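Each chain is listed here by its residues.
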Amino acid sequence: QFSCFLDALTAFLDQLRPQVHKQVSDDMLDLQDMVLRSILSFMKGNTSEFEGDHWVPLLGQDKTYAFQQDVKWGGILAKVQNSLYKIWEVSERHDEVVACAVSDPTGEDC
């Protein structure tokens with residue numbers, strides 16, 4: 001399966017290279033935008049690491065388990081749980097739940 005991905009990546013780059021050469025004399029911001037859109041489209045079509053527009057890299061069961069078992073995470077969640085319930089105006093007494101996600105604050109989506 002990895003060799004199929006490499007073949008697809010090679011074909012993609014071979015196709016992208018002439019487009020980049022054509023636009024080098026044009027506005028660099030337009031070129032950057034075109035390349036980024038092309039790469040994103042390729043990655044979405046050739047990997048299973050996207051949920052919509054969000055890149056969700058597959059890290060493997062061992063890393064998932066380590067994250068779930070991290071003692072610090074449980075402590076952090078316990079400290080902010082009351083604040084989350086207040087912010088979202090929900091209550092544990094009414095079997096309401098609050099979901100939260102972990103993200104990189106330096107990322108574009110944050």
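An account of the accompanying structure is given in this report. (Residues numbered from 1 in each chain as written. Predicted model: local features only at pLDDT ≥ 70, side-chain atom pairs only at ≥ 80, totals over all residues. Heavy atoms only, no water.)

**Topic: helix H2 (residues 28-46)**
Note the following rule: By the criteria applied, helices consist of DSSP H or I runs no shorter than four residues and strands consist of E runs no shorter than two, each listed in order from the N terminus. By this rule, a helix spans an expected 1.5 Å times one less than how many residues it contains. Three exposure classes are used, based on accessible area relative to the maximum for each residue type with a 1.4 Å probe and protein chains only: buried under 20%, partly exposed in between, and exposed over 50%. Think of the arc as the fan of directions from the helix axis to the C-beta atoms.
Helix length check: H2 (19 residues) gives 27 Å between terminal C-alpha atoms against 27 Å at 1.5 Å per residue, within 8%. Within the sequence span of H2, burial applies to Leu31, Met34, Val35, Ser38 and Phe42. Axial view of H2: buried residues confined to an arc of 95°, hence all on one face. The exposed residues of H2 that point more than 90 degrees off its buried face are Leu29, Leu36 and Arg37.

**A look at the nonpolar core**
The tendency in soluble globular proteins is for nonpolar side chains to be buried side by side. Where we set the bar: Note on terminology: a nonpolar core comprises buried Ala, Val, Leu, Ile, Met, Phe, Trp, Tyr and Cys residues joined through side-chain atoms within 4.5 Å. Any pair of residues with heavy atoms lying within 4.5 Å of one another is described as a contacting pair.
The biggest cluster of nonpolar side chains holds six residues, and these are Phe12, Leu16, Leu31, Met34, Val35 and Phe42. Among the elements that take part in this core, H2 stands out by supplying four residues, more than any other. In this structure, Leu16 is in contact with Met34, Val35 and Ser38, ignoring residues within four places of it in sequence.

**With respect to the environment of Ile39**
By the element assignment, Ile39 lies in helix H2. For the pair Ile39 and Leu9, spaced 30 residues apart in sequence, the C-alpha to C-alpha distance is 9.7 Å.

**Concerning the pattern of salt bridges**
The line we're drawing: A pair is scored as a salt bridge if a Lys or Arg side-chain nitrogen falls within 4 Å of a carboxyl oxygen belonging to Asp or Glu.
Applying the stated criterion to the full structure yields two salt bridges. Ionic pairing is found between Asp14 and Arg17, a salt bridge with its closest N-O pair at 3.2 Å. Separated by three residues within a single helix, Asp14 and Arg17 lie in helix H1 (residues 2-23), roughly one turn from each other. Across the salt bridge formed by Arg37 and Asp33, the nearest N and O atoms sit 3.0 Å from each other. Placement of the pair is Arg37 and Asp33 together in helix H2, with a separation of four residues, close to one helical turn. Classification of Asp33 as partly exposed rests on a relative accessible area of 40%.

**Examining the side chain of Ser38**
Inspection of the secondary structure puts Ser38 in helix H2. Taking relative accessible area as the criterion, Ser38 reaches 19% and is therefore assigned buried. Contacts of Ser38, omitting those with residues within four sequence positions, involve Phe12 and Leu16.

**Re a nonpolar patch on the surface**
Basically, it comes down to this: To count toward a patch, a residue needs a relative accessible area above 30% and no salt bridge. Like charges then connect within 9 Å, nonpolar side chains (Val, Leu, Ile, Met, Phe, Trp, Tyr) within 5 Å. Working definition of accessibility: Shrake-Rupley area with a 1.4 Å probe, residue cover restricted to the visible protein chains.
A cluster of nonpolar residues, Ile76, Leu77 and Val80, forms a patch on the protein surface that exposes about 220 Å² of accessible area. Here Val80 lies in helix H4 (residues 71-87).

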